[in-house]
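# Structural features, examined
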Amino acid sequence: SKSVFTRNTAQFGGGMYNFSSFPRIYNCIFSGNIANYGGGGMHNSSSSPTISNSIFSGNKADFGGGMNNDNSSPIISNSTFSGNFSTQFGGGMHNSISSPTISNSLFYGNNLEYLNDVSASFSIIQGGNTGIGNLDIDPLFVNAPSYTTAPFTGGDYRLQPCSPAINAGNNTLISSGITTDIVGNPRIYETTVDMGAYEFNP
């Protein structure tokens, strides 16, 4: 938890490679990493990581700029994927024989996004997803660099005051044990959790 993976390069999993494992990843940033093949930010092979309050931004790969899943079932909640770039498939995420679960999260501003092959709910997913509570609308980040500039390490993925992600999550889908957001603010401000890694708190 509370770790930053940045400016790394590998064949698979520029920031992190998980094989037959079940890591718990909380309050982490994967930014500006490169994979020559799959998973600029993270590659999962026969793995089921639990990821919460984390950011994947400005990563680049052939498959899955932010994350590539091969026979894997990651559980992702209250996380933000933006500005990730893929030259082939899945700027934010690419899945092969995998079944990710996504909730209270933001997938917006990645290229070649296609997330109809996941179980998603109460999330903003660019291009849409049929799961309950999902939206296809700009979450209005404070500053989200374009995926065309990936790999990059900048950006500010806090929510603007008028963001549709505010109070749009589901409290029952917050990962067990999580009481704060990525920077230590209360995970719920007002009555309903926000989507993404940051909780809006004026």
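Keep in mind it's a predicted model, so treat the numbers as computed, not measured.

## Section: the sheet that holds strand β11 (residues 67–70)
Strand pairing within a sheet occurs via backbone hydrogen bonds; the two strands may be parallel or antiparallel. The 4 strands lie next to each other as β3-β7-β11-β15, forming an open sheet whose pairing is parallel. Whereas interior strands pair on both sides, the edge strands pair on one side only; in this sheet they are β3 (16–19) and β15 (93–96). Across the sheet, the mean angle from the axis of one strand to that of its neighbour is 5°, orientation sign disregarded. Of the pairings in the sheet, the one linking β3 to strand β7 (residues 42–45) comprises 4 bridges and is parallel in character. If you follow Asn18 over to β7, its bridge partner there is Asn44.

## Observations regarding the pairing of strand β6 (residues 34–38)
Relative to β6, strand β2 (residues 9–12) runs parallel, the two sharing 3 bridges. Across the sheet, Ala10 pairs through a bridge with Ala35, a residue of β6. Here β6 pairs with strand β10 (residues 60–63) via 3 bridges, running parallel. Bridging across to β10, Ala35 finds its partner in Ala61.

## Things to note about the sheet that holds strand β17 (residues 106–107)
The strand order across the open sheet built from 6 strands is β1-β5-β9-β13-β17-β19, with neighbouring strands paired in parallel fashion. Single-partner strands in this sheet number two, and they are β1 (4–6) and β19 (124–125). Two elements, strand β9 (residues 55–57) and strand β13 (residues 80–82), share 3 bridges in a ladder whose sense is parallel. What sits directly across from Ser57, in β13, is Ser82.

The rules behind the values
- Residues numbered from 1 in each chain as written.
- Predicted model: local features only at pLDDT ≥ 70, side-chain atom pairs only at ≥ 80, totals over all residues.
- Heavy atoms only, no water.
- Pairing = 2+ DSSP bridges.
- Helix = DSSP H or I, 4+ residues; strand = E, 2+ residues; numbered from the N terminus.
- Axes fitted to C-alpha atoms, helices over the stretch in contact; angles between N-to-C directions.

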